[in-house]
Amino acid sequence: MTPTVAALLLAAALAGQEQPLLPGPPAGGEDRERAVAALHRRAEAVPPGTPEARELAESFARVGRAYLSEGETGRAIELLGEAYGLDEENGLTLAELTLGYIRAGDFDSARFYLQRAEQRVTRAPPRIYGVLGEVYDALHRLEDAVAAWSEFVRFGGQDPVLLARVARTRDELAVTRGQRSLLLDHFAIFADPGVSEEVARQAGDALEAAYREQTAFLGARLPRPQVVVLYAGRAWFSLVSVPDWVSGLYDGKIRVSVEADTPAALSGVLAHELAHALLRVSARDRAPGWLHEGMAKWLEGRRIPCREVRAAAGEYPAESLAALDARFHRALDRSAASASYAQALSTVEYLAALRGEGALACVVSVLGEGKSFPEALRAETGLSGEELYAGWRKWAGY
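Residues numbered from 1 in each chain as written. Predicted model: local features only at pLDDT ≥ 70, side-chain atom pairs only at ≥ 80, totals over all residues. Heavy atoms only, no water.

Undergrad: Even after reading the chapter, I still don't get the overall build of the protein chain, so can you show me in this structure?
TA: A count of helical and extended segments in the protein chain gives 19 helices and five strands. Taking 21 Å as the expected radius of gyration for a compact globule of 398 residues, we find that the protein chain reaches 23 Å, a close match to that expectation. Dimensions of the protein chain along its principal axes, counting C-alpha atoms only, are 75 × 50 × 35 Å. Looking at the protein chain residue by residue over its 398 residues, the buried ones come to 53%. For the protein chain, the share of sequence-separated contacts (at least 6 apart) that also reach a separation of at least 24 residues comes to 67%. Per element, the accessible surface of the protein chain, about 17500 Å² overall, is 50% carbon and sulfur. (Helix = DSSP H or I, 4+ residues; strand = E, 2+ residues; numbered from the N terminus. Rg over C-alpha atoms; globule rule 2.2 N^0.38 Å. Buried < 20%, exposed > 50% of the residue type's maximum accessible area, 1.4 Å probe, protein only. Contact = heavy atoms within 4.5 Å. Areas by Shrake-Rupley, 256 points an atom, 1.4 Å probe, with all protein chains shown as cover.)

Undergrad: Hey, could you run me through the nonpolar core in this one?
TA: Proteins that are soluble and globular tend to have nonpolar side chains buried together. Counting 67 residues, the largest nonpolar core has Leu230, Leu270, Leu274, Trp290, Leu291 and Met295 as the members making the most contacts within it. No other element matches the 10 residues that helix α12 (residues 266-283) contributes to this core. If near-sequence neighbours (up to four positions away) are discounted, Met295 is found in contact with Phe217, Leu218, Leu279, Val348, Leu360 and Val364. By size, the runner-up hydrophobic cluster in this structure holds 45 residues, among which are Ala76, Leu99, Ala138 and Val166. (Core = buried A, V, L, I, M, F, W, Y, C linked by side-chain atoms within 4.5 Å.)

Undergrad: What exactly am I supposed to notice about the pattern of salt bridges here?
TA: The tally for this structure, following the rule as stated, stands at 21 salt bridges. In this structure, Arg75 engages Glu33 in a salt bridge whose closest nitrogen and oxygen atoms are separated by 2.7 Å. Of this pair, Arg75 sits in helix α4 (residues 73-86) while Glu33 sits in helix α2 (residues 29-43); the two residues are 42 residues apart in sequence, bridging distant segments of the chain. Residue Arg75 is classed as partly exposed on the basis of its relative accessible area of 22%. (Salt bridge = Lys/Arg side-chain N within 4 Å of Asp/Glu carboxyl O.)

Undergrad: Which parts of the structure should I look at to understand the environment of Arg42?
TA: When you line up the elements, Arg42 lands in helix α2. Overall, the relative accessible area of 38% leaves Arg42 in the partly exposed class. Spatially, the C-alpha atom of Arg42 lies 28 Å from that of Ala110, the residues being 68 residues apart in sequence.

Undergrad: What's the story with the packing of helix α13 (residues 289-299) against helix α17 (residues 357-368) in this structure? I'm lost.
TA: The description of two helices packed together rests on the angle between their axes and the distance between the axes. It is at 12 Å that the axes of α13 and α17 come closest, and there the two elements cross at 140°. Classed by the angle they form, the pair α13 and α17 counts as oblique. For the pair α13 and α17, the sense of crossing is left-handed. Here α13 contributes Leu291, Met295 and Trp298 to the contact with α17, which in turn contributes Glu357, Leu360, Val363, Val364 and Leu367. (Axes fitted to C-alpha atoms, helices over the stretch in contact; angles between N-to-C directions. Parallel < 35°, antiparallel > 145°, perpendicular 65-115°, else oblique. Left-handed = near helix turned anticlockwise from the far one by under 90°.)

Undergrad: Is there a simple way to explain the sheet that holds strand β4 (residues 248-250) in this structure?
TA: Picture the strands of a sheet paired through backbone hydrogen bonds; they go either parallel or antiparallel. The mixed open sheet is built from five strands, whose spatial order is β1-β2-β3-β5-β4. Each end of this open sheet is capped by a strand with a single partner; those strands are β1 (180-183) and β4. Between one strand axis and the next, the sheet turns through 15° on average, direction left out of account. The pairing of β4 with strand β5 (residues 254-258) spans three bridges and is classified as antiparallel. Along β5, the bridge assignment pairs Leu249 with Arg255. The sheet contacts of helix α10 (residues 197-218) involve β1, β2 (187-191), β3 (226-232) and β5, and relative to β2 the element is tilted by about 155°. (Pairing = 2+ DSSP bridges.)

Undergrad: Sorry if this is basic, but what is going on with the environment of Val166 here?
TA: Mapped onto the fold, Val166 is located in helix α9 (residues 160-176). Spatially, the C-alpha atom of Val166 lies 45 Å from that of Pro305, the residues being 139 residues apart in sequence.

Undergrad: How should I be thinking about helix α7 (residues 128-138) in this particular structure?
TA: The element α7 is largely enclosed, with a buried count of 11 among its 11 residues. For α7, the set of buried residues is Ile128, Tyr129, Gly130, Val131, Leu132, Gly133, Glu134, Val135, Tyr136, Asp137 and Ala138. Elements that come into contact with the buried residues of α7 comprise α5 (91-104), α6 (107-119), α8 (142-154), α9 and β3. At the exit of α7 stands His140, carrying a positive phi of roughly 60°.

Undergrad: Even after reading the chapter, I still don't get the pairing of β3, so can you show me in this structure?
TA: Walk down a regular strand and you will see the side chains alternate between the two sheet faces. Judged by how many residues are buried, β3 sits mostly within the fold: six of seven residues are covered. Pairing geometry for β2 and β3, over five bridges, is parallel. Each bridged residue has a counterpart across the sheet, and for Ala191 the counterpart in β3 is Leu230. Bridge analysis of β3 against β5 gives five bridges, and the strand direction is parallel.

Undergrad: Honestly, the packing of aromatic side chains in this entry has me stumped. Any pointers?
TA: Two descriptors summarise a pair of aromatic rings, namely the distance from one centre to the other and the angle between the planes of the rings. Per the counting criterion, the structure on display carries 15 aromatic pairs. On the basis of an interplanar angle of 0° and a centroid distance of 5.5 Å, the ring pair of Tyr101 and Tyr113 is categorised as stacked. Of this pair, Tyr101 sits in helix α5 while Tyr113 sits in helix α6; the two residues are 12 residues apart in sequence, bridging distant segments of the chain. Among the residues examined, Tyr101 registers a relative accessible area of 16% and is labelled buried. On the accessibility criterion, Tyr113 (14% relative accessible area) is buried. Ring geometry for Phe112 versus Tyr113: centroids 4.9 Å apart, planes at 85°, classification edge-to-face. Its relative accessible area of 34% is what places Phe112 among the partly exposed residues. (Phe/Tyr/Trp six-rings, centres within 6.5 Å; stacked < 30°, edge-to-face > 60°.)

Undergrad: Honestly, the packing of helix α16 (residues 334-355) against α17 in this entry has me stumped. Any pointers?
TA: Between α16 and α17, the least distance of the axes is 6 Å, while the angle of their chain directions is 115°. The orientation of α16 with respect to α17, classified from their angle, is roughly perpendicular. Side by side, α16 and α17 meet where Val348, Leu351, Ala352 and Arg355 of the first sit next to Glu357, Ala359 and Leu360 of the second. Classifying every residue of the contact of α16 with α17 by side-chain character gives five nonpolar, no polar and two charged. (Nonpolar A, V, L, I, M, F, W, Y, C, P; charged D, E, K, R; others polar.)

Spatial relationships are all this shows, so hold off on functional conclusions.
Listed below in structure tokens is the structure:
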């Protein structure tokens, strides 16, 4: 289970969450594409490697960078490739091409461009270190990520989000040295030395089984292998101030605390966090927090009979779906969290009972098409959010 270069490339799973550190042009849509067409016309008469070619390359790269930050990976790769063709010595463009290919799941190309970016890093602007840090973090090459980001900071980088990521990754390195990797069809699992190979394999089997079930239901698939980190105990969770009632989280990587050699609840936690990953893909980050958590509970297999909802969700549930959503955007103690998760799960269960389980997947899919939650809910169920909430209260006996 020792990682190789190829294995690490297969482990990239953070695509679409972190934005490149350089801004793209403000124009979008048709204006942006007209600008690209004009760049292509100019490029036809410009020999590669000349000063004018380097200027054009930066223009192509700026537009490609904007598409990359918006999740339009294919178009970003095309334009960054144009930039590379005009200026093969630009390390920043090479780093961003690497990131684009990782997000597209093309690991052979990612390896090719990463090697060239590393060769040119000393001749590139300091901001290349920020992008390379993203690449290494996506590959779960934490030491390389910290080294690259530290160079970015040394050259004067002050991005507060990046500085927080550097600190967090350093903390992780302090408690996770010696991790082993296990590569599966859809997952790249990294396990602390204190997690046995048998437990790591059990986790892999549980994830692959959950993946088959959840993709069949949602009609969505992960675009690349998902990184899963199995921690021995709660050392990392404590370092990043995760509440003691949380045993798993999803932040682009699935992270799970394994506190016993064969934890009975491990498969459920993994299924829950996998659901977050798939919901993010299917809804394209447009699902409200309560729907995310309710669906994740539902997809992990949890159910609450309607006669038990009041006891689980408490006598004073959130007063609306918006209020319920707000609860998932602040710190909760164990009892408040338990009640909020119960309300979210039971709302999902009520919707499934009212309109059929397929309506759940349809609402998520319509969110992925660009609709707001009220629009998606109305289109697929005929209900407004207020009607859904009122119906849930009556169904739950409030």
